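Observations on the three-dimensional arrangement
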Amino acid sequence: MTNTKKHAGDTVSLVYQCRLPLSTHTLTYLADLLRRHLKAIRSRWRALPPGRIAVIVLAVLRHDQRLADMAGGNDISATTVRRWRNELIALLAAKAPRLDRALKKIAKRGGEVVLIDGTLIPTQRRTGKANRPNYSGKHRRHGLHVLALTDERGRLVWISAARPGRTHDITAARRDHILAHLRAAGLGALADLGFLGLDDDGDDPVVVTGFKATRARKLAPAEREANRILAAGRAPVERGFAHLKNWRILTKLRTDPARATHLLRALLVLTNIEATTDN
């Protein structure tokens, strides 16, 4: 028996086409962003033009394409694709709005309330000390906790840093000083029962969370109706998260929380560009 590393038959790589369900406006925005960056750093040469680079990075983000596959189909190395991806993620993340500016912008255009909620972005199981903090008992899986704000229509306006999966919604809101920023902007917020206790001002509450039943106390009909109305008002925030999670790279993250924060904020910018194009 003789060992050989030769492949049987034709060894030519096969390349297939795949539709990218994004607008040309998103591609143009990303390509122009890269062109301005290359001009600023005086980079005169890249293996591919900015438009092609933007398509490759969008394919990685939208379809979670393997870097080696994208590299083989474009005659470049996987390391080059990884460098381009990280470069454009950093450029997009820098465009993400800050919390105070996002809230002031909503108030300036006549908005009165925002919708707040948290979600878990699934990740691979970590090893060592990072294993337990990333496990969410609520969702029974490993992941990173993210807090987001949307306007009344469900358009994402801000996203928090990625935190360990066991982080509670109200804990994340306190760390980001959500209540103080809402009061400064003169806005209210609709939230679920996970934020119960965030706003202790009974006379002039900023965060509305509804009513919670206990074993000793059942909800009155009026309280149940109030919860139903609140749930209907909060429905758009779920659509905002759904649009964000259309980027399949979030299906199962394979990165650390610091890089995940940059990735999420970059996807926030791209999601809003797509939403603007659709409208």
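Residues numbered from 1 in each chain as written. Predicted model: local features only at pLDDT ≥ 70, side-chain atom pairs only at ≥ 80, totals over all residues. Heavy atoms only, no water.

**Notes on the environment of Asp151**
Positionally, Asp151 belongs in the loop between strand E3 (141-150) and strand E4 (156-159). In sequence terms Asp151 and Leu103 are 48 residues apart; their C-alpha atoms lie 9.4 Å from each other. Discounting residues that sit within four places of it in the chain, Asp151 has contacts with Ile106, Arg109, Leu115 and Val157. Within the structure, the side chain of Asp151 is placed 3.4 Å from the side chain of Arg109, a separation counted as a polar contact. Reaching out from Asp151, the side chain makes a polar contact with the backbone nitrogen of Gly154 at a distance of 3.0 Å. (Helix = DSSP H or I, 4+ residues; strand = E, 2+ residues; numbered from the N terminus. Contact = heavy atoms within 4.5 Å. Polar contact = N/O pair within 3.5 Å; in protein donor to acceptor, adjacent residues only side chain to side chain.)

**Side note on the nonpolar core**
If you look at the biggest cluster of nonpolar residues, it comprises 52 residues, and the most contacted ones within it are Leu61, Val81, Leu250, Leu263, Leu264, Leu267 and Leu270. Apart from the residues lying within four places of it in its own chain, the contact partners of Val81 are Ile56, Val60, Leu67, Met70, Ala71 and Ile76. (Core = buried A, V, L, I, M, F, W, Y, C linked by side-chain atoms within 4.5 Å. Buried < 20%, exposed > 50% of the residue type's maximum accessible area, 1.4 Å probe, protein only.)

**So, the packing of helix H5 (residues 99-108) against helix H7 (residues 178-185)**
Where H5 contacts H7, the two axes come as close as 9 Å, and the packing angle between them is 35°. Seen from above, H5 lies across H7 with right-handed handedness. On H7, the residues touching Leu99, Asp100, Leu103, Lys104 and Ala107 of H5 are Ile178, His181, Leu182 and Ala185. Here the contact of H5 with H7 is built from residues that sort into six nonpolar, one polar and two charged. (Axes fitted to C-alpha atoms, helices over the stretch in contact; angles between N-to-C directions. Left-handed = near helix turned anticlockwise from the far one by under 90°. Nonpolar A, V, L, I, M, F, W, Y, C, P; charged D, E, K, R; others polar.)

**Here's the deal with the side chain of Ser160**
Assignment of secondary structure puts Ser160 in the loop between E4 and strand E5 (163-164). Contact partners of Ser160, with chain neighbours within four places excluded, come to Val146, Leu147, Asp176 and Arg265.

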